Amino acid sequence: MSVKAFELVPAVERDLLMGDKARINIECIECCGKHLYVGTNDCFIHHFLLDEVTSTKGRLTYSAQKLLHKYLGLKKPVAELRAASALERLIVLCDGIVLLVDMVTLETVPSAAGGGAKIKGVTAFCMNENPVNADPFCVEMGVISSKRRTVQIYMVYEDRVQLVKEVTTPEQPCAVSLDGYFLCLALTTQYMILNYNTGASQDLFPYNNEERRPIVKRIGREEFLLAAPGGLGMFANAEGVSQRAPVNWSESVIGAAVCFPYVVALDEGFITIHSMLDQQLKQTLSFRDGHILQDFEGKVVLASTKAVYILVPLPLERQIQDLLASHRVEEALTLTEGAQRNIPKDKFQILHKRILQQAGFIQFGQLQFLEAKEHFRKGQLDVRELISLYPLLLPTSSSFTRCHPPLHEFADLNHLAQGDQEKVLRCKRFLITYLGEVRSTEVANGCREDVDTALLKLYAEQDHESLLDLLASDNSCLLADSVPWLEKYHKYFALGLLYRYNGQDSAALQLWIRVVDGELQDSTRSDLYEYIVDFLSFCSNPDLVWKYADWALRKDPTIGVQIFTKRPASKDQSGVLNPDDVITYLGKHNQALLLYLEHLVLERRTQKEKFHTHLAVLYLERVLSLLSQSPTDEERVTRAREKLQALLRESSLYRVQLLLGKIENSEQLLLERATLHGKLEEHDKALHILVHQLRDFPSAEAYCLWASSSRDSAYQQRLFHLLLGVYLDRSLPATAQIGGGGGGELEMAAVDLLNRHGEVFDAVRVLSMLPEGWSLQLLRPFLGRAVRASMHACRTSQLALGLARSENLQLLHDRLKERKNPIIVSEKKGCHLCHNTFSEPDVVCMPGGVPVHTHCVAQRVRDSPTKRQLTNSSNHT
């Protein structure tokens, strides 16, 4: 695809060069700075001064002034011209002779006394633009000699030339280019690279010298451009390797030059311009009768037989902009990156970023969002440039103005989409993704408010699931711009979150309450009421809690009370509510009050009598209320009594007498009365109720276990003996004797008690309590367990007694041994047990001959395990 990279501008018109002499033709040209030298077929050298002129339209033209012309006197065409500006000399090839000519006067330089200033028998020559000689007043030159297969290396001085090297080639060379020690040669049938210093050579590729004119052009350090078969322009370095792809020019190329990043080639009717970056043909210019193409210090000069022209490159930025205007994004980027070496670093970075941004907008307009995003990222686009395409997304307070000159051709998104709503929707989805990615990166630095506000508006409009995530996290959304947008799309819950983020908790709560009450419609959260309760439970502002808790409790007391029961403990006491204040506040919400007291007593284990008593009273009132209803709901009564009974059993902080007074006359709450009597240590009354009034024998046994759960075994034994006594109380008419032929219910309960809990009872005492007429068969389990326990205790005591006797015998043995040895006691010597000194001669000798006080050893004996075992033994020992 074409791009206008160059303009062909006349430099020396025909009239200025030759006037009316029709037979004069241009044979060669050389340009050095502003000086242009032209060699003609009539053996003349013409010297022109070129001045650059910029027109009012910005076009570059040239004004030529002829300074001098000189006849060389050889009557042959001037075949080659090269300038050696350091020497102020022109090196001229004419009639097979190389001459030195003064650049100013065009006079031939006479030979010096030490050597000649001419070289004869030359067919072609070239200059070494990468000289190996460090002498600044000397230039190096490669010469193709008319001798068979020879290339000569010369040093050219101001008034003489000196042969330094002669190199033999496999075939007769016809074109040469020189770089350092490397000769690039076009031989008769092939190209080759030759190192004249080492003699190493590398064949490149064949060509036919008779079919086409060879081209050997140095284009950079150790790199050459060659005309290859098949109409290819091949690149080769000093190692003979091609590091660039070839360009495809015409078969009849006459000359070639490089003006980076382009390769310019001249054939019989056209100038073709290819890119070295992508090898594509970029421009073609018509040029008739052209036969010379040379580049001089970056300036491309062409000549026909009658006139000289200069190929002026258009500014690189203009070329890139032309490519972008044609939507040729990749070519524009390739050209930009390829031109990096020709542009100062700072300027290139600015240019590159802008081109990337423009490329991103072009691809954005083509809905190529992945490519656009990548170019925006690399080009460090101010994200507001993109946001500004979307109407009303930027906050009204934003000070952003678009880049000038503009990065794109779109007025806004509507202009881009041309009414295609699907395209609009896709662009909005892209912006949502892009803003979500960049909002937490450096791209959003300095414009976070604009980014977050735009993102919020898009989320709300598109009903995007990430709206709540945005508002629940750290954000910079502007409240003034966001409120009307969220209200427009009925995002009231999200608006409440925004209020909350901006410290306006009261406004958030008012809005949410209106949604729950049905005044506003927002289906974002079906559990908004629970959310409000949860919000209040974590709210550190007590005033807000007191203000809105009543609404929540009226809505649902069982959930509303969580405002108080779920409040987290705070180390700094901020937001902590006094339980007394909460109980007072909940006075008109009975169910919530009950739940809160349960939270204090049962969950938080608050150890305050008034809370425990209050909860017990509420439980009791609830039970009495249910019992008074007609008909009675037995299931609800049972659940309520279970709660009351559990509290009465487990708590020890409530006022027992108060509760006992409330149920003293209630015959339906006998079990609760028994528990209260137990709290007062009135176990006989409790057991009397359980046994004689309720006839609930399992509860009576359970009562004994509960009442003695935190006491010692003696206390438990006393309770069970008390229960046994109640069962066997003969003063009550309900008791019947088993031996008398009638089976009494209480006596059977007594037998079951003994058989189940026999290990608790004192067997001797039990036997004295039992009626004489009872059958031993009934008590067989109890008696068997009692006998086994007695025998175990007896044997244990005997073991302990035996161990004590053994210890005593050992002590007697030690005592007899120690009597044979003297025991030294003095006021300066201390007791081994108490470490006090001796004041009396009475001592006891421990094993090993250690003296101790008599009272110390007596205390040790009292504390010995054997002594304790003997003390705790039963009477059977």
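Bear in mind that the values here come from a model prediction, so they are computed numbers and not experimental data.

## Observations regarding the side chain of glutamine 645
At step 1: Mapped onto the fold, glutamine 645 is located in helix 21 (residues 634-650).
At step 2: Contacts of glutamine 645, omitting those with residues within four sequence positions, involve Leu671 and Glu672.

## Re the pairing of strand 11 (residues 139-145)
At step 1: Across the seven residues that make up strand 11, a large majority, seven, are buried.
At step 2: In terms of strand pairing, strand 10 (residues 122-127) meets strand 11 through five bridges, oriented antiparallel. Across the sheet, residue alanine 124 finds its bridge partner in strand 11, namely isoleucine 144.
At step 3: Note that strand 11 and strand 12 (residues 150-156) share six bridges and pair antiparallel. What sits directly across from glycine 142, in strand 12, is isoleucine 153.
At step 4: Joining the antiparallel neighbours strand 11 and strand 12 is a turn of four residues, in which arginine 149 adopts a positive phi near 55°.

## Quick notes on helix 3 (residues 329-338)
Given 3.6 residues per turn, any residue in an α-helix points the same way as the ones three and four places further on.
At step 1: When you tally the buried positions in helix 3, you get seven out of ten residues, the bulk of the element.
At step 2: What helix 3 keeps buried is the set Val329, Glu331, Ala332, Leu333, Leu335, Thr336 and Gly338.
At step 3: Among the structural elements, strand 23 (262-266), strand 25 (281-286), helix 2 (316-325), helix 4 (345-365) and helix 5 (369-378) are those in contact with the buried residues of helix 3.

## Thoughts on the packing of helix 14 (residues 528-538) against helix 15 (residues 542-555)
At step 1: The N-to-C vectors of helix 14 and helix 15 enclose an angle of 145°; their axes lie 10 Å apart at closest approach. Between helix 14 and helix 15 the crossing geometry is left-handed. Along its contact with helix 14, which presents Tyr529, Ile532, Val533 and Leu536, the element helix 15 presents Leu544, Val545, Tyr548, Ala549, Trp551, Ala552 and Lys555.

## Some points on the pattern of salt bridges
At step 1: If you walk through the whole model with that rule in mind, you get 38 salt bridges.
At step 2: With its nearest N and O atoms 2.4 Å apart, the salt bridge here joins lysine 428 to glutamate 461. Here lysine 428, found in helix 8 (residues 421-438), pairs with glutamate 461, found in helix 9 (residues 448-462); they are 33 residues apart in sequence, far enough to count as distant.
At step 3: The buried category is assigned to lysine 428, whose relative accessible area is 16%.
At step 4: Close ionic contact of aspartate 527 with arginine 525 constitutes a salt bridge, the shortest N to O distance being 3.0 Å.
At step 5: Taking the relative accessible area as the measure of exposure, arginine 525 reaches 29% and is therefore partly exposed.
At step 6: Within the structure, one salt-bridge network assembled from shared partners comprises Asp278, Lys282, Arg328 and Glu331.

## Some points on the sheet that holds strand 3 (residues 35-40)
At step 1: Strands sit in the order 2-3-4-5 across an open sheet of four strands; the sheet is antiparallel. Each edge of the sheet is formed by a strand with only one pairing partner; in this case those strands are strand 2 (26-32) and strand 5 (60-71). Going across the sheet, the axis of each strand differs from the next one's by a mean of 25°, ignoring polarity.
At step 2: Alignment of strand 3 against strand 4 (residues 44-54), held across five bridges, turns out to be antiparallel. Bridged to glycine 39 within strand 4 is isoleucine 45.

## With respect to the packing of aromatic side chains
At step 1: What the rule picks out here adds up to 25 aromatic pairs.
At step 2: A ring pair is formed by phenylalanine 369 and phenylalanine 430, whose centres lie 4.9 Å apart and whose planes are at 15°; its orientation type is stacked. A residue pair is termed long-range when its members are at least 10 positions apart, and phenylalanine 369 in helix 5 and phenylalanine 430 in helix 8 qualify at 61 residues.
At step 3: Note on phenylalanine 369: relative accessible area 14%, which makes it buried.
At step 4: Grouping aromatic residues by their ring pairs yields a cluster made of Phe361, Phe364, Phe369, Phe376, Phe430 and Tyr434.
At step 5: Taking NZ or CZ as reference, arginine 288 lies 5.9 Å from the ring centre of phenylalanine 270, over its face.
At step 6: Geometry around tryptophan 485 places lysine 488 over its ring, the cationic atom sitting 5.4 Å from the centre.

## Describing the packing of helix 20 (residues 609-628) against helix 21
At step 1: The N-to-C vectors of helix 20 and helix 21 enclose an angle of 155°; their axes lie 9 Å apart at closest approach. Taken together, helix 20 and helix 21 sit at an angle that is classed as roughly antiparallel. Classified by chirality, the crossing of helix 21 by helix 20 is left-handed. Where helix 20 abuts helix 21, its residues His612, Leu615, Ala616, Tyr619, Leu620, Arg622, Val623, Leu626 and Leu627 lie against Arg636, Val637, Ala640, Arg641, Lys643, Leu644 and Leu647.

## Quick word on the side chain of glutamate 672
At step 1: Within the fold, glutamate 672 resides in helix 23 (residues 670-679).
At step 2: Of note is the side chain of glutamate 672, whose polar atom sits 2.9 Å from the side chain of arginine 641.
At step 3: Setting aside chain neighbours within four positions, we find glutamate 672 in contact with Arg641, Leu644, Gln645, Leu648 and Ile663.

## Notes on the pairing of strand 12
Two faces make up the sheet, and in a regular strand the side chains alternate between them.
At step 1: Most of strand 12 is tucked away, with seven of its seven residues classed as buried.
At step 2: Here strand 12 shows no split at all, with Thr150, Gln152, Tyr154 and Val156 on one side and Val151, Ile153 and Met155 on the other all buried.
At step 3: If you look at the hairpin formed by strand 12 and strand 13 (residues 161-168), you'll find four residues sitting between the two strands.

## Details of the nonpolar core
At step 1: Membership of the largest hydrophobic core comes to 110 residues, with the highest contact counts inside it found for Phe364, Leu386, Leu435, Trp512 and Phe564.
At step 2: Here the element with the most residues in this core is helix 20; it accounts for ten residues.
At step 3: Those residues in contact with tryptophan 512 that lie beyond four places of it in its chain are Tyr492, Phe493, Gly496, Leu497, Leu528, Tyr531, Ile532 and Phe535.
At step 4: Grouped together as the second largest cluster of nonpolar side chains are 33 residues, Ala700, Val766, Leu770 and Phe782 included.

Cut-offs used in this document
- Residues numbered from 1 in each chain as written.
- Predicted model: local features only at pLDDT ≥ 70, side-chain atom pairs only at ≥ 80, totals over all residues.
- Heavy atoms only, no water.
- Helix = DSSP H or I, 4+ residues; strand = E, 2+ residues; numbered from the N terminus.
- Contact = heavy atoms within 4.5 Å.
- Buried < 20%, exposed > 50% of the residue type's maximum accessible area, 1.4 Å probe, protein only.
- Pairing = 2+ DSSP bridges.
- Axes fitted to C-alpha atoms, helices over the stretch in contact; angles between N-to-C directions.
- Left-handed = near helix turned anticlockwise from the far one by under 90°.
- Salt bridge = Lys/Arg side-chain N within 4 Å of Asp/Glu carboxyl O.
- Phe/Tyr/Trp six-rings, centres within 6.5 Å; stacked < 30°, edge-to-face > 60°.
- Lys NZ or Arg CZ within 6 Å of the ring centre and 35° of its normal.
- Parallel < 35°, antiparallel > 145°, perpendicular 65-115°, else oblique.
- Polar contact = N/O pair within 3.5 Å; in protein donor to acceptor, adjacent residues only side chain to side chain.
- Core = buried A, V, L, I, M, F, W, Y, C linked by side-chain atoms within 4.5 Å.

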